[in-house]
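Structure at a glance
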Amino acid sequence: MDWVAIGLSLRLSFWTTLILLLLGLPIAHWLTFSGWRWKVLIEAIVALPIVLPPTVLGFYVLIAIGPRSPIGRFYQLLTGELLPFSFRGLLVASVLYSLPFAVQPFASAFKTVDRRFIEASWCLGVSQFTTFRRVIIPLSIPGIIAGIVLSFAHTLGEFGVVLMVGGNLPGITRTVSISIYDEVQSLNYDLAGQTSLLLLGFSFLVLVVTYALQRRVSAVWPMN
Amino acid sequence: MADELILRVTKSFPSGVTVEADLCVLQSPPSVTVLFGPSGSGKTTLLRCLAGLERPDRGIIRFGNELWYDSNRGISLSPQERHIGYLFQEYALFPHLTVRQNLEYGLNHRSREQRAQRVLTLMDLLQLGDLEGRYPRQLSGGQMQRVALARALAPEPQLLLLDEPLSALDDPTRARLRGELRRLLTQIRVATVLVTHDRSEAIALGDQLAVVAGGRIQQVGPVEEVFRYPANHHVAQSVGVETVLPGKVTETGFGLLKVQAGRVQLTAADPGDIEGSDVYLCIRAEEVILEKGAASKDSARNHLHGRVISLTPEGVLVRVTVDCGAPIIALVTRQSALELNLSEGEMLTVVIKATAVHLIPRGTSANHSVTSLPVMHGHPTTAS
């Protein structure tokens, strides 16, 4: 089994999820509570990766972080390296690709928080940020866990974007799904089968744990 | 003026409903203002405007020297900046925090010792006993109400806003907590605005009564005045035709209470929840009987002699106000009025059964204890 690829995939999923947690929570908060008239545009942009073919997203990311784009040039100036076909470039693409899988569960969890809890907090003199931290997030734990798990699992299984942005460099950008594809290409069905089974088992386990956890959390904190 | 609460706002909703208010209450000494009216009349909207949770379209909100809202100057303070305490209808206790954590929630800026001290004071004031480790879902309705009140009071707000503080409770608990709440409000002496649709709650808890009907404050005044002189039919409809008199319990025994109201002494059935001597007497106008000529023998405990001050026809009924040392309102049929040949200035006898005198306890409040001499027979000021 291609342990290097499995390790790389886990690493990529971990960092993607962590970044999405830090990025997704404020975005979801803004999407839930902002009264801005054109909010729907941002909502659509965030949800775009769900409907877009991964190759299309990958293509644009590749162009955007390439050495000819301002972002790519700036990064090169800063670090002396190029983003495409590197782990960091892959990370950027992964974050964009899994963004809706974090933001949407977060936002729908925020929406279900009883408005009166938030207002009660304000009336007690507590700022909007602290209210977010001490009331909204704790009351949205099941949704936040769901968002974390979904982004992790989604990143673990990504293929098209990785191929476009990362290519197939062992230990750097060759993730599990690419590795399986490679094995099948070279007719190593046994190896591909083993890795696939592992991924299948892992995905199933993650979902079972999430659902079980959600049930327990909502039993502990009934949100009526 | 320094110690005034001014609420002069208009707010329209997309549904076409408009809520208007023009309210100005003195707050020295701090008093309890009741916004009273049927559900959907806009009371809660006004309370939310005061809290800063709702933004009016136009107007001004001022508390003492602080300008909270002024549409002309573009000023609108956030709820955080107003230093208020807000009690929500269903209490909105944070479900993920214990009672203690709920109480400490608004005390973030204080040191650990100060926080602990404040929580201790509040637990004591509201008799929260050993509830501090419990979660809200482990509390009864009455306990939740007290915890929510304690939480609202924790940061020492300058204005307390109570939205239907008792409506989420079952009947027996509500009756018990009504007295407790009044005692608490007079004890803490914080300016309070309270919203209710319940008449006995309004009478029991308020110093000032503001009647809200049809999205508008119809009348503001001391509780008994609003009941006695409804400014228009909206108010009359909301408050009902009823005599409301402040009084003092002077004697108890045999399940009866003797109550002095102005120059009138009345006997009332003991409702069993009277603590302290201050009460409001409420007598429904329909239950007052008028007699003329020699008093006949009957079972009613109260026979008062008085002079008819006014006669107002109200549909098939006539509203008769009789001065018996205090104005008592009777509602009789047109037929009876004709048969008795009633006219203004005439003397007659007002008959009221002891069970028709409904008493609402007021504890012994600071505002009404000016003449609180020891309660005994033959009150010196009332020898008549």
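Numbering of residues starts from 1 in each chain and follows the order in which that chain's sequence is written. Throughout, the order in which chains and ligands are written sets their labels, letters from A for the former and numbers from 1 for the latter. Whole-chain, interface and lining totals are the exception, using all residues; otherwise, since this is a predicted model, local features are given only for residues with pLDDT of at least 70 and side-chain atom pairs are given and counted only at 80 or more.

The next thing to look at is the overall build of chain A. Looking only at helices and strands, one finds 11 helices and 0 strands in chain A. If one aligns the C-alpha atoms of chain A with their principal axes, the spans along those axes are about 65 × 45 × 30 Å. Taking all 224 residues of chain A together, the buried fraction comes to 39%. Pairs at least 24 residues apart make up 75% of the contacts formed inside chain A by residues separated by at least 6 positions. By the criteria applied, helices consist of DSSP H or I runs no shorter than four residues and strands consist of E runs no shorter than two, each listed in order from the N terminus. The exposure label follows from counting other C-beta atoms within 10 Å of a residue's C-beta, where the C-beta atoms are placed from the backbone and the thresholds are 20 or more for buried and 12 or fewer for exposed, leaving partly exposed in between. Once C-beta atoms are placed from the backbone, any two residues with those atoms within 7 Å are in contact.

Attention shifts here to the overall build of chain B. Within chain B, the secondary structure is distributed over 10 helices and 21 strands. Nonlocal contacts in chain B, meaning residues at least 24 apart in sequence, comprise 66% of its contacts between residues at least 6 apart.

A few words now on helix H4 (residues 112-125) of chain B. Residues and elements named next belong to chain B. Helix span, expected: 1.5 Å multiplied by one less than the number of residues in the helix. Taking 1.5 Å per residue, 14 residues should reach 20 Å; H4 reaches 20 Å between its end C-alpha atoms and fits that length. Restricting attention to buried positions, one finds in H4 the residues Arg118, Val119, Leu122 and Met123. Mapping the buried residues of H4 onto a view down its axis gives an arc of 135°, with all of them on the same face. In this structure, H4 carries Glu113, Gln114, Leu120 and Asp124 as exposed residues pointing more than 90 degrees from its buried face. Where H4 is buried, its residues contact helix H3 (99-104) and helix H5 (141-153). Glutamine 127 lies just past H4 and shows a positive phi near 50°. Throughout, the arc means the angular range of directions from the helix axis out to the C-beta atoms.

Each side of the interface is counted separately: chain A has 15 residues, and chain B has 17 residues. No other element matches helix H6 (residues 115-123) of chain A, which puts 6 residues into the side of chain A that touches chain B.

Below, the discussion takes up the pairing of strand E20 (residues 347-352) of chain B. Residue and element names in this part refer to chain B. For two strands to count as paired, DSSP must find a minimum of two bridges between them. Where strand E16 (residues 289-291) and E20 come together, 3 bridges link them in antiparallel fashion. Of the residues in E20, the one forming a bridge with isoleucine 289 is valine 351. Across 6 bridges, strand E17 (residues 302-314) lies against E20 in antiparallel orientation. Counterpart to histidine 305 in the pairing with E20 is threonine 349.

Moving on to the sheet that holds strand E15 (residues 278-284) of chain B. All names here are of chain B. Strands sit in the order E14-E13-E12-E15-E21 across an open sheet of 5 strands; the sheet is antiparallel. The open sheet terminates on both sides in strands that have one partner only, identified here as strand E14 (264-269) and strand E21 (357-361). Ignoring which end each strand starts from, the neighbouring axes of this sheet average 40° apart. Pairing geometry for strand E12 (residues 242-253) and E15, over 7 bridges, is antiparallel. The residue bridging lysine 248 from the neighbouring strand is aspartate 278, located in E15. Axis lines are fitted to C-alpha atoms, over the contacting stretch for helices. Their N-to-C directions set the angle, which ranges from 0 to 180 degrees.

Take unusual backbone geometry next. Residues and elements named next belong to chain B. Even without a glycine there, the phi angle at glutamine 127 is positive, about 50°. One non-glycine residue, glutamate 156, adopts positive backbone phi at about 50°. Position of glutamate 156 relative to the elements: it lies in the loop between H5 and strand E8 (159-163). Using a count of 12 C-beta atoms within 10 Å as the deciding quantity, one classes glutamate 156 as exposed.

Residues and elements named next belong to chain B. For chain B, the mean per-residue pLDDT works out to 85, and 93% of the residues sit at or above 70. Looking at any residue, its pLDDT shows the predictor's confidence there, from 0 to 100. No element of chain B has a lower mean pLDDT than helix H9 (residues 233-239), at 76, and none a higher one than strand E7 (residues 84-87), at 96. Residue range residues 365-384 is modelled with pLDDT below 50. Its contacts to residues more than four positions away, or to other chains, number 22 contacts. Scored as a complex, the prediction yields pTM 0.79 and ipTM 0.81.

So, about the sheet that holds E16 of chain B. Residue and element names in this part refer to chain B. Pairing is antiparallel across the open sheet formed by 5 strands, whose spatial order is E16-E20-E17-E18-E19. With partners counted over all chains shown, the strands left at the sheet margins are E16 and strand E19 (327-333), one partner each. Shown here is a sheet whose adjacent strand axes are inclined to one another by a mean of 45°, direction ignored. Bridge count for E17 against strand E18 (residues 317-323) is 7 bridges, and the pairing is antiparallel. Note that in E18 the partner of valine 308 across the bridge is valine 322.

Before going further, it helps to spend a moment on the nonpolar core. Buried Ala, Val, Leu, Ile, Met, Phe, Trp, Tyr and Cys residues whose C-beta atoms connect them within 7 Å together make up a nonpolar core. Counting 154 residues, the largest nonpolar core has Leu161 and Leu281 of chain B as the members making the most contacts within it. Here this core gets 14 residues from one element, more than from any other, and that element is helix H5 (residues 87-112) of chain A. Each residue touching leucine 281 of chain B, except ones within four places of it in the same chain, is listed here: Leu245, Gly247, Val259, Ala261, Leu266, Ala268, Val357 and Leu359 of chain B.

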